[in-house]
Amino acid sequence: MMGRESEEGPLRRAVCPGSFDPITNGHLDIINRASRLYDVVHVAVMINKSKSGLFPVEERIALIEEVTSEYGNVRVEAFHGLLVDYCKQRDIPAIVKGLRAVSDFDYELQMAQMNIGLSGVETLFVPTNPTYSFLSSSLVKEVATWGGDVSHLVPPTVLEALMEKLRHR
């Protein structure tokens with residue numbers, strides 16, 4: 001592994017990619033667990049030009065930075081393009097992904113095999129905490145749009161931002 005080092009040797013780095021529109025407690029669970037295993041965890045916020053999210057990318061980044069600030073080793077930035085290129089540019093050897101269900105595994109396994117074939121970047125799968133096994137950003141937005149209580153699904157800061165967005169829609 002090339003690149004940045006600490007006094008103890010190379011820094012162990014990983015990336016947690018996603019759209020995070022908005023970040024949920026399920027996302028935070030995976031990021032938190034990765035932050036305990038790696039020296040630096042990059043949270044890569046995907047930019048998808050063909051989709052318009054509820055939150056602009058800059059706002060997603062700010063929310064993620066705020067709710068992960070206590071971890072101390074999380075770096076947040078946007079990316080667009082191939083995740084393996086993001087990893088190569090930053091000398092990141094591992095992608096950490098949470099798996100909620102078997103259907104996630106089918107898709108993510110294909111992606112992991114493609115990523116290692118393209119660049120040698122490994123993918124580590126972390127089983128989602130059962131509390132969050134059903135949780136997705138899309139579901140949070142849909143429930144909140146119809147007035148459902150999502151306060152137990154997102155951090156308080158995110159809940160406040162979500163309610164504000166939905167008020168102005």
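Right above here is the structure, for reference.
Figured I'd write up the structure that's included with this text.

About the thresholds
Residues numbered from 1 in each chain as written. Predicted model: local features only at pLDDT ≥ 70, side-chain atom pairs only at ≥ 80, totals over all residues. Heavy atoms only, no water. Helix = DSSP H or I, 4+ residues; strand = E, 2+ residues; numbered from the N terminus. Buried < 20%, exposed > 50% of the residue type's maximum accessible area, 1.4 Å probe, protein only. Phe/Tyr/Trp six-rings, centres within 6.5 Å; stacked < 30°, edge-to-face > 60°. Axes fitted to C-alpha atoms, helices over the stretch in contact; angles between N-to-C directions. Parallel < 35°, antiparallel > 145°, perpendicular 65-115°, else oblique. Left-handed = near helix turned anticlockwise from the far one by under 90°. Contact = heavy atoms within 4.5 Å. Arc of directions from axis to C-beta.

Right, let's talk about the environment of proline 10 for a bit. Position of proline 10 relative to the elements: it lies in strand E2 (residues 9-10). We classify proline 10 as partly exposed; its relative accessible area is 41%. As a C-alpha pair, proline 10 and lysine 165 span 155 residues in sequence and 42 Å in three-dimensional space.

Let us look at the packing of aromatic side chains. For the coordinates displayed, the defined rule picks out two aromatic pairs. Where phenylalanine 79 meets tyrosine 86, the ring centres are 5.4 Å apart and the plane angle is 50°; that geometry is what we call tilted. The class for phenylalanine 79 is buried, based on a relative accessible area of 8%. What makes tyrosine 86 buried here is its relative accessible area of 2%. Relative to phenylalanine 125, the ring of phenylalanine 105 has its centre 5.9 Å away and its plane inclined at 65°; by these criteria the two rings are edge-to-face.

Let's shift gears to the packing of helix H5 (residues 137-145) against helix H6 (residues 156-167). It is the contact of H5 with H6, at a shortest axis distance of 10 Å, that shows an interaxial angle of 55°. Relative to H6, the element H5 lies oblique. Considering only the axes of H5 and H6, their crossing is right-handed. Contact residues: Val140, Lys141, Ala144 and Thr145 in H5; Leu162, Met163 and Leu166 in H6.

Buried within helix H3 (residues 83-90) are the following residues: Leu83, Val84, Tyr86, Cys87 and Arg90. Considered in projection along H3, the buried side chains sweep an arc of 155° and stay on one side of the axis. Among the exposed residues of H3, those oriented more than 90 degrees off its buried face are Lys88 and Gln89. Here the buried face of H3 lies against strand E3 (13-18), strand E4 (40-46), strand E5 (74-79), strand E6 (94-99) and helix H4 (102-119). Positive phi appears at aspartate 91, one or two residues downstream of H3, with a value of about 55°.

Function cannot be inferred from these measures alone, as they are strictly geometric.
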